[in-house]
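This is what each chain is made of:
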Amino acid sequence: MADLSVNFSGIRSPNPFWLASAPPTNSGAQIHRAFENGWGGAVWKTIGAPVLNVSNRYGAWRYGNEKMLAINNVELISDRPIEVNLREISDVKRAWPDRAVVVSAMVESKPVAWHDVIRRIQDTGADGIELNYGCPHGMSERGMGSAVGQVPEYCEQITRWVMDVAKIPVIVKLTPNISDIVMPARAAVAAGANALSLINTVNSIIGVDLETLEITPSIGGRGGHGGYAGPAVKPIALNMLAALGRDSIVRGSGLPISGMGGISTWRDAAEFLLLGASSLQVCTAVMHYGFRVVEDLCDGLSNWMDEKGFATIPQVVGRSLHHVTDFKDFDLSFKAIARIDQDKCIRCELCYVACNDSAHQCIDLFDKHGIASPPTAYDQSSNGKLEAISTRPTVVVREEDCVGCRLCFNVCPVENCIHMLQVPSGRPSVTWEELTQKQPEVAEDWKQMERYRKKMGIQIH
Amino acid sequence: MINKPSPHALQELLPPLTVNEAITESARCIMCFDAPCTHACPTHIDIPKFIKKISTGNLLGSARTILESNLLGATCARVCPVQELCEGACVLGSEHKPIAIGRLQRHAMDNLKGNKIDIFHPANSTGKKVAVVGAGPAGLSCAGELAKLGHSVTLYEKRELGGGLSTYGIIVLREPIEVALTEVAMIQRLGVRIEIGKEIGIDPTVADLQENFHAVFIAIGLGHTRALEIPGEEYVLDGLEYIERSKLEPSQLRVGRNVIVIGAGNTAIDCATLARRLGAERVTMIYRRTEKEMTAYPHEYDFVKREGVTFRFLVQPTKVHHENGGVKALECVRMTLGDPDCSGRPFPKPVPGATMLLRADQIVKAIGQNKTSLISTLNLKTEGGFIHINSDFETSSPGIFAGGDCIRARGSASTVMAVQDGKLAARSIHQRLVNHG
Ligand SMILES: Cc1cc2nc3c(=O)[nH]c(=O)nc-3n(C[C@H](O)[C@H](O)[C@H](O)COP(=O)(O)OP(=O)(O)OC[C@H]3O[C@@H](n4cnc5c(N)ncnc54)[C@H](O)[C@@H]3O)c2cc1C
Ligand SMILES: Cc1cc2nc3c(=O)[nH]c(=O)nc-3n(C[C@H](O)[C@H](O)[C@H](O)COP(=O)(O)O)c2cc1C
Ligand code: SF4
Ligand code: SF4
Ligand code: SF4
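If you're wondering where the values come from, they're calculated on a predicted model, not measured in any experiment.

Our focus in this paragraph is the interface of chain A and chain B. Taken together, the contacts link 26 residues of chain A with 26 residues of chain B. A per-residue breakdown of the area chain A buries against chain B is headed by Tyr378, Gln380 and Lys385 of chain A, which together make up 26% of the total. For the salt bridge of Lys385 of chain A with Glu84 of chain B, the shortest nitrogen-to-oxygen distance reads 3.9 Å. Counting the contacts that link chain A with chain B gives 11 residue pairs in polar contact (both at pLDDT 80 or more). Counting only elements with at least two residues in the side of chain A that touches chain B, the list comes to α13 (350-358) and α14 (385-390) of chain A. Top element by residues in the side of chain A that touches chain B is α14 of chain A. It accounts for four residues. Looking at the side of chain A that touches chain B residue by residue, the class counts come to 10 nonpolar, nine polar and seven charged.

If you want it as structure tokens, here you go:
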């Protein structure tokens, strides 16, 4: 059995799964139950400046039968008195010495305010502090949250104030609402932070009510942008995580990263680890299904690690980072084509229409005599399941014309039915960078490009 | 005393889908291209299109998509043997559960009914007149399609209500009478004039129609239940009348305690279901061949067995025993299967001397319908008693077209096929009328 425990900048937990600072960590009683369910740690719902919340604060992005592909919220930081939170934090920590209890904080951008809150948190016995530079609504209007995270100088300044008094590990939580995530991360490194975490929520408007024409959710007729989280944001989070892992300054600093943004299953978790996260935080999946989701997060991850021969979490962390590069380093001579497993194919023709309307028109339909047959070729008076099924065409990729774009693979509803088969292109491998260093003219002149293509036997469909 | 039937005994069997069920089910459809379900549907409704519209909340557009291919979408949603048609061809059928296409179709159509919206309006008048004979599914479909195209249509119906077997013959468990009558009203609002209580052949005759109209479409369905030709037959109830009474005046339908239904087709299944639901303790279906040769669909056979109906195969009735005007028993002879007959099924032969007496206090026959007498008086070319037509649905007499059960010499007859006949015939008639002055 794999060892799932982590030591994240000195913060230890029996597994890498921490509740993110959010509604599931709003109170001691909740976190107590979460720990009973097996969570390795919890980042307390952000405490700090006094706030008041509103109703209808959560919206959801429904797609097909998925009720909450993403959540959007205009919730502020904790609206419970700071004294109550601090008392409960010390109670929880005392009851659960082996779990990670991290406290998220956000106060006015003044040194005294930060010094005060950090000292009070340390007095609780908590294991670490997370600086919330990410809340994109409400708090940012008051000069906190993402108003800090979006300006690297503020990020650095406030982190320095914190580091002046911090005796326990400090994690800087980054906002994704920024053009280059590396900048605030470098600022945190420069200020001496102990760790990073990302991503906080993404700016978003969930939708408009077509009945009332109001923004959803409607807060007494008004609405506005809120923070977006859940499965839909995972690809954004993975990209930002990888960007930090590839930056020489951030990577060189050796700061561990706590990854989050759309983690719902152990598969998501493994991907975050592989791209460099060494602890994982979860919010939306818990808001949807409850604390119990941690069981499969741990179980699935552990089984996968056993199968892959990983004994510990550190062996997994960052293992896929070296596969991440820029377009200019991709092999232009790599060639794949789509091939359909006829035994698995259910003949829905979704690949056909995708390729025909949006790709390269290289999937053909054949009748049972092997003759190409156009769609809807049947006689209007024919009907019945036997007729419909027995005359259903087979769907075949014309491999010599396939550019291997992978659209059909993505739309096919059957698992492992379309394979992207790697085939020799007959050309020596070359990247765009290598090519344009040797022959800069191909990037500047279409005629030169055509000459190059002809020479290499590259056909465009 | 027979068991008291439940007040729900004759309600529509499948409840309507809730909004949530409809949205969830519609989202499950993967939207096949050139979908096999659409091919399998005799009217070729664009199924993924109407289902997608349900999932996006465009119920009006969904109903329009259905009606564009099938004016009787509300009836078909309920009565189609979907296991053999659209749902039977659904690509999700092999590994998962096929999409509940019929019930989704009903969801879209029911919503329309609630809104009282007319989807179609007649085109500008072409000045052409068409007579349609018979207001069953084939006649209504043809009349409606022609009216949409701007023709002046008169629909003659011998009974007092339109709808044909949808009104009189399909048990309420599948289709309540109002559904069929709502469709009749929709066809009327399209401008079709319906002459109720007019039996063509007597007054007016088909020749009269030919004189006064540019074209005639005959959709008279089939006639009464065939005769058993056994002694005591006058004590045997006609299955079609049995069903008709259950729809029109259910309180007048007397159901026995120990009922025998003769036959094993769709109508027989329906009679047996009714008898059970209305309180019969024992219902036995008897059939002269075996379950392999039954014309009922496998899903109907399963259903009626679950309703508690029992079967006796390889028996043929020979005589009805009666006493004081009431049925006592049915005398039968045991059968054995011989060589295939013209229908391709083995021909049953009596086993000499193997007679038996089956007790019963009510006997219902449902052994198929005769052709209507009108067919024989029309002087049209026929095929096994059915009206012969060419690929344009035109009979041997130019200008007279026909469709529905009265032409279906081969294959199983169903409502949706009658609707398609009416639609295709309307297209042919339209072509004829606009091209040939
Ligand atoms: C008991 C039973 C149950 C069935 N269940 C199903 C089912 O569940 N699903 C399914 O798809 N199919 C079912 N069918 C078959 C289906 O009902 C028929 O295929 C369909 O109704 C045929 O339509 P039609 O228009 O050809 O004929 P009909 O529905 O028979 O309509 C013919 C119309 O013509 C009228 N008519 C006849 N002669 C004249 C005349 N001389 N002048 C004027 N009017 C005349 C009749 O009164 C009738 O209204 C069932 C049939 C029966 C008998
Ligand atoms: C309703 C809601 C409230 C949140 N409140 C906070 C907060 O107070 N402090 C904070 O740092 N992040 C907050 N977040 C962000 C989460 O901690 C986390 O960064 C984000 O939800 C991405 O993770 P997920 O996809 O697992 O939900 C909140 C998120 C949600 C959905
Ligand atoms: S990979 Fe692209 S081009 Fe090739 S068959 Fe699939 S969709 Fe068409
Ligand atoms: S999408 Fe997949 S299942 Fe559907 S026809 Fe193409 S290969 Fe077959
Ligand atoms: S075959 Fe099934 S999944 Fe495909 S379009 Fe038809 S109903 Fe939808």
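So, next bit.
Before going further, it helps to examine the packing of aromatic side chains. Residues and elements named next belong to chain B. Across all of its chains, the model carries nine aromatic pairs over all chains by this definition. An angle of 85 degrees between the planes, with centres 4.9 Å apart, marks the rings of Tyr301 and Phe311 as edge-to-face. With Tyr301 in helix α14 (residues 298-306) and Phe311 in strand β8 (residues 310-313), this pair connects stretches of sequence that are 10 residues apart. Phe311 matches Tyr301 in its accessibility class, with the two residues each being buried.

To continue, consider the nonpolar core. Core analysis: the biggest nonpolar cluster contains 110 residues, and Ile47, Phe50, Phe217 and Ile429 of chain B have the highest contact counts within it. Of the residues forming this core, the biggest block, nine residues, is contributed by helix α16 (residues 415-435) of chain B. Beyond its immediate stretch of four places on either side in the chain, Ile47 of chain B contacts Cys37, Thr38, Cys41, Cys86 and Ile101 of chain B. Core analysis: the next-biggest nonpolar cluster, separate from the first, contains 88 residues, Ala70, Ala187, Ala242 and Val294 of chain A among them.

Quick look at the site of ligand 5 now. Lining the immediate surroundings of ligand 5 are Cys29, Ile30, Cys32, Ala35, Cys37, Pro48, Cys90, Val91, Leu92, Ile99 and Ile101 of chain B. Residues that form the shell around ligand 5 fall into these classes: 11 nonpolar, no polar and no charged.

Quick look at the domain arrangement of chain B now. Each assigned domain of chain B is listed with its residue range as follows: domain 1 (19-114), domain 2 (129-223 + 370-436) and domain 3 (233-365). Its C-alpha centre places domain 1 of chain B at a distance of 35 Å from the equivalent point of domain 3 of chain B.

Rules and cut-offs
- Residues numbered from 1 in each chain as written.
- Chains lettered and ligands numbered in written order.
- Predicted model: local features only at pLDDT ≥ 70, side-chain atom pairs only at ≥ 80, totals over all residues.
- Heavy atoms only, no water.
- Contact = heavy atoms within 4.5 Å.
- Buried area = accessible area lost by both parts, 1.4 Å probe.
- Salt bridge = Lys/Arg side-chain N within 4 Å of Asp/Glu carboxyl O.
- Polar contact = N/O pair within 3.5 Å; in protein donor to acceptor, adjacent residues only side chain to side chain.
- Helix = DSSP H or I, 4+ residues; strand = E, 2+ residues; numbered from the N terminus.
- Nonpolar A, V, L, I, M, F, W, Y, C, P; charged D, E, K, R; others polar.
- Phe/Tyr/Trp six-rings, centres within 6.5 Å; stacked < 30°, edge-to-face > 60°.
- Buried < 20%, exposed > 50% of the residue type's maximum accessible area, 1.4 Å probe, protein only.
- Core = buried A, V, L, I, M, F, W, Y, C linked by side-chain atoms within 4.5 Å.
- Near = heavy atom within 4 Å.
- Domains from an automatic or database assignment.

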